[in-house]
Amino acid sequence: VTDMTHETFGEQFPVIIERLSANLADANVPWEKVERASFFLHNDEKLDDLRGRFASAVTAPLRDLEYTFVDTRQGKRLEIELTAKL
């Protein structure tokens, strides 16, 4: 999930979390069932900022967090993919 309707990481992050939460709710899957979160963070962003925001937004303990720095031209500052166990 990503957001290209906003320009900054700070604007994109809450939209992405809201979309992920809605997708999980639609599937009737709580955050506690998420096995892995893969983060694709733009090279210009700070990993500590992402980690802090995510820890505040998602309080469920996730076992596997994977971080990759990327460079995109489309305006994406962040993309998050989740893998959940049903």
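For the structure itself, look to the data block above.
First things first, this report covers the structure right here in the doc.

Where strand β1 (residues 34-42) lies against strand β2 (residues 64-70), seven bridges are found, and the strand directions are parallel. Each bridged residue has a counterpart across the sheet, and for Leu 41 the counterpart in β2 is Phe 69. A crossover links β1 with its parallel partner β2, the connecting element being helix α2 (residues 47-57), and its sense is right-handed.

With mixed pairing, the three strands of this open sheet are ordered in space as β2-β1-β3. Both outer strands of the open sheet, β2 and β3 (78-84), are each paired with one neighbouring strand and no more. In this sheet, adjacent strand axes meet at a mean angle of 15° when their direction is disregarded. The sheet contacts of helix α1 (residues 9-26) involve β1 and β3, and relative to β3 the element is tilted by about 20°. Strands in contact with α2 are β1, β2 and β3; relative to β2, the strand with the most contacts, it is inclined by about 145°.

So, on to the nonpolar core. Among the nonpolar cores identified, the biggest contains 20 residues, and Trp 31, Leu 50, Phe 54 and Leu 78 are the most heavily contacted of them. At six residues, the largest contribution of residues to this core is made by α1. Contact partners of Trp 31, with chain neighbours within four places excluded, come to Leu 20, Ser 21, Leu 24, Phe 54, Val 58, Ala 60, Leu 62 and Leu 82.

A word on the pattern of salt bridges. Applying the stated criterion to the full structure yields seven salt bridges. Residue Arg 19 is joined to Asp 3 by a salt bridge in which the shortest nitrogen-to-oxygen separation is 3.6 Å. Within this pair, whereas Arg 19 is found in helix α1, its partner Asp 3 is found in the segment before α1, the two being separated by 16 residues in sequence. What makes Asp 3 buried here is its relative accessible area of 0%. One network of salt bridges, in which partners are shared, links Asp 44, Glu 45 and Arg 77.

Each value, and the rule that gives it
Residues numbered from 1 in each chain as written. Predicted model: local features only at pLDDT ≥ 70, side-chain atom pairs only at ≥ 80, totals over all residues. Heavy atoms only, no water. Pairing = 2+ DSSP bridges. Helix = DSSP H or I, 4+ residues; strand = E, 2+ residues; numbered from the N terminus. Right-handed = clockwise from strand over helix to strand, strands pointing away. Axes fitted to C-alpha atoms, helices over the stretch in contact; angles between N-to-C directions. Contact = heavy atoms within 4.5 Å. Core = buried A, V, L, I, M, F, W, Y, C linked by side-chain atoms within 4.5 Å. Buried < 20%, exposed > 50% of the residue type's maximum accessible area, 1.4 Å probe, protein only. Salt bridge = Lys/Arg side-chain N within 4 Å of Asp/Glu carboxyl O.

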